[in-house]
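One-letter residues, chain by chain:
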Amino acid sequence: MKEYLRKNGIRVGILVLAVVLLIMLGAATRNGRIGFVQNVTGVLISPVQKVVSATVNWFDTIYGYLYRYDRMEAENESLRAQLAEAQQSAREGIEATEENARLRELLNLREKHSDYVFESSKVVLWSSSNWSHSFTISKGSSSGIELGDPVVTEYNAVVGQITELGANWATVSTVIDVDMSVGAFVGSTGTSGIALGEYALMKQGLAKLTYMADGAQIYVGDEVLTSGEGGAFPQGLLIGRISAVQTEAGGQVMYGLVEPACPFDSLVQVFIIKDYKVVE
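Residues numbered from 1 in each chain as written. Predicted model: local features only at pLDDT ≥ 70, side-chain atom pairs only at ≥ 80, totals over all residues. Heavy atoms only, no water.

## Considerations on the sheet that holds strand S11 (residues 253-260)
For the record, the criterion: Two strands form a pair only when DSSP identifies at least two bridges running between them. Numbering goes from the N terminus for both helices and strands, where a helix is a DSSP run of H or I of at least four residues and a strand is a run of E of at least two. To obtain an axis, a line is fitted to C-alpha atoms, over the contacting stretch when the element is a helix, and the angle between two such axes runs from 0 to 180 degrees between their N-to-C directions.
What the six strands build is a closed barrel, ordered S6-S7-S8-S11-S10-S9; its pairing is antiparallel. Sheet twist, expressed as the mean angle between neighbouring strand axes with direction ignored, is 40°. Bridge analysis of strand S10 (residues 238-247) against S11 gives seven bridges, and the strand direction is antiparallel. Looking at the pairing, Ala244 lines up with Leu257 of S11.

This is the structure in structure tokens:
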């Protein structure tokens, strides 16, 4: 109905107007004299004229409503587009602010470690595999990244290591991945060991600190840092903190559980250390 009136409303209005004009012309030809037939015709036509007049008014109202409705629809569509643009601009502004904050923290890190050569990259896609904890980044060998490069956050926290590499992409296996192992030491006691991933612990978001010397002491809350052993990671990067300690019956420490310092759930940008000074 709406579409029909939009297309044919003017034609219907013209037709109704023509009928009214014909009736008026017929009355005018009698020079104002009204005979018996005209009286009868007037009696019959008068209600019709009222109906015609009401119909014209109705069509005029409907047509005006449709016109206003279409105009409002166009205005609403324009407002929706403007709102979408404003929301997109707000999101981009928030992202830019957050990235600037990360880069400021990275500048502080660079000042502390002038020997580090960084490459920043965005997280593109997390792996859907149940057997790994890894993600893809947006840069690769064309940016000077190599297999085995350590990956950190702007706060000097260990994220993981480059384990697969393409020209414009790379895979980062995190510190809790089942195939990861990092030379580590406990900051408060100097106890050395290996932080590694295990399948059961990976599901809990934890790593394991093990292969410690007999008599080693570790405590809940202790910082676990990279030792630099083997040259895979520079010394002193923060892996995480001890969240639990497992001991034998005699009190001998078996291993500790490590809660990573890296917030994997909110990770959007990482920094690859492409070069650094190896401490012997």
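## Some thoughts on the environment of Asp115
For clarity, the threshold we go by: Think of it in three bands: with a 1.4 Å probe and only protein chains considered, a residue is buried below 20% of the maximum accessible area for its type, exposed above 50%, and partly exposed in between. We call two residues contacting when some pair of their heavy atoms lies within 4.5 Å.
As for its placement among the helices and strands, Asp115 is situated in the loop between helix H2 (36-112) and strand S1 (117-126). Taking the relative accessible area as the measure of exposure, Asp115 reaches 30% and is therefore partly exposed. Taking the C-alpha atoms as reference, Asp115 lies 5.9 Å from Lys277; in sequence the two are 162 residues apart. Once residues within four sequence positions are removed from consideration, Asp115 is found in contact with Asp275, Tyr276 and Lys277.

## Here's the deal with the sheet that holds S1
Strand order around the closed barrel formed by six strands is S1-S2-S5-S4-S3-S12, with antiparallel pairing between neighbours. For this sheet, the mean inter-axis angle between neighbouring strands, taken without regard to orientation, is 45°. Sheet topology places S1 next to strand S12 (residues 269-275); six bridges connect them, and they run antiparallel. Note that in S12 the partner of Ser121 across the bridge is Val270.

## Things to note about the packing of aromatic side chains
Worth spelling out the cut-off: Any pair of Phe, Tyr and Trp rings, taking the six-membered ring for Trp, is counted once the centres come within 6.5 Å. Such a pair is stacked with planes under 30 degrees apart, edge-to-face with planes over 60 apart, and tilted for the rest. Comment: the charge-over-ring label is applied if NZ (Lys) or CZ (Arg) is within 6 Å of the ring centre and within 35 degrees of the ring normal.
Taken as a whole and assessed by the stated rule, the structure comprises five aromatic pairs. Centroid distance Tyr116 to Tyr276: 6.5 Å. Interplanar angle 80°. Geometry classified as edge-to-face. Placement of the pair is Tyr116 in the loop between H2 and S1 and Tyr276 in the segment after S12, with a sequence separation of 160 residues. Accessibility classification places Tyr116 together with Tyr276 in one group, the buried group. Put simply, the rings of Tyr116, Phe118 and Tyr276 touch in pairs and so form one group of aromatic residues. Over the ring of Tyr255 we find Lys208; its NZ or CZ atom is 4.3 Å from the centre of that ring.

## Points about unusual backbone geometry
A positive phi angle, near 70°, is found at Asn156, a position not held by glycine. One non-glycine residue, Tyr211, adopts positive backbone phi at about 55°. Within the secondary structure layout, Tyr211 lies in the loop between strand S8 (207-210) and strand S9 (223-226).

## A few points about the side chain of Ser173
Formally: Polar contacts, as used here, are pairs of N or O atoms within 3.5 Å; protein pairs need one atom able to donate a hydrogen and one able to accept it. Residues neighboring in sequence count only if both atoms are side-chain atoms.
Looking at the secondary structure, you find Ser173 in strand S5 (residues 170-174). The class of Ser173 is buried, set by a relative accessible area of 9%. Only 2.9 Å separates the side chain of Ser173 from the side chain of Thr163, close enough to count as a polar contact.

## A word on the pairing of strand S7 (residues 192-196)
Pairing analysis gives five bridges linking strand S6 (residues 181-186) to S7, with the strands arranged antiparallel. Counterpart to Val182 in the pairing with S7 is Ala195. In sequence, S6 turns back onto S7 through a hairpin of five residues, with Gly190 there showing a positive phi of about 80°. Inspection of the sheet shows S7 paired to S8 by three bridges, in the antiparallel sense. Directly across from Leu196, in S8, lies its bridge partner Lys208.

## A short note on the environment of Gln204
Structurally, the position occupied by Gln204 is in the loop between helix H3 (199-202) and S8. Placed 55 residues apart in sequence, Gln204 and Glu259 show a C-alpha to C-alpha distance of 9.4 Å.

## A few points about the side chain of Thr210
When you line up the elements, Thr210 lands in strand S8. Judged by its relative accessible area of 13%, Thr210 is buried. When neighbours within four sequence positions are excluded, Thr210 is seen to be in contact with Gly193, Ile194, Leu196, Met254 and Tyr255.

## Digging into the environment of Ser173
For the pair Ser173 and Thr163, spaced 10 residues apart in the sequence, the C-alpha separation amounts to 6.2 Å. What Ser173 contacts, discounting residues up to four positions off in sequence, is His133, Ser134, Val159, Gly160, Gln161, Thr163 and Met180.

## Some details on the nonpolar core
Keep this limit in mind: Grouping buried Ala, Val, Leu, Ile, Met, Phe, Trp, Tyr and Cys residues that are joined through side-chain atoms within 4.5 Å yields what is termed a nonpolar core.
Judged by nonpolar contacts, the single largest core of 41 residues is most densely connected at Phe135, Ile137, Val159, Ile162, Leu209, Ile239 and Val270. It is S12 that provides the largest number of residues to this core, a total of four residues.

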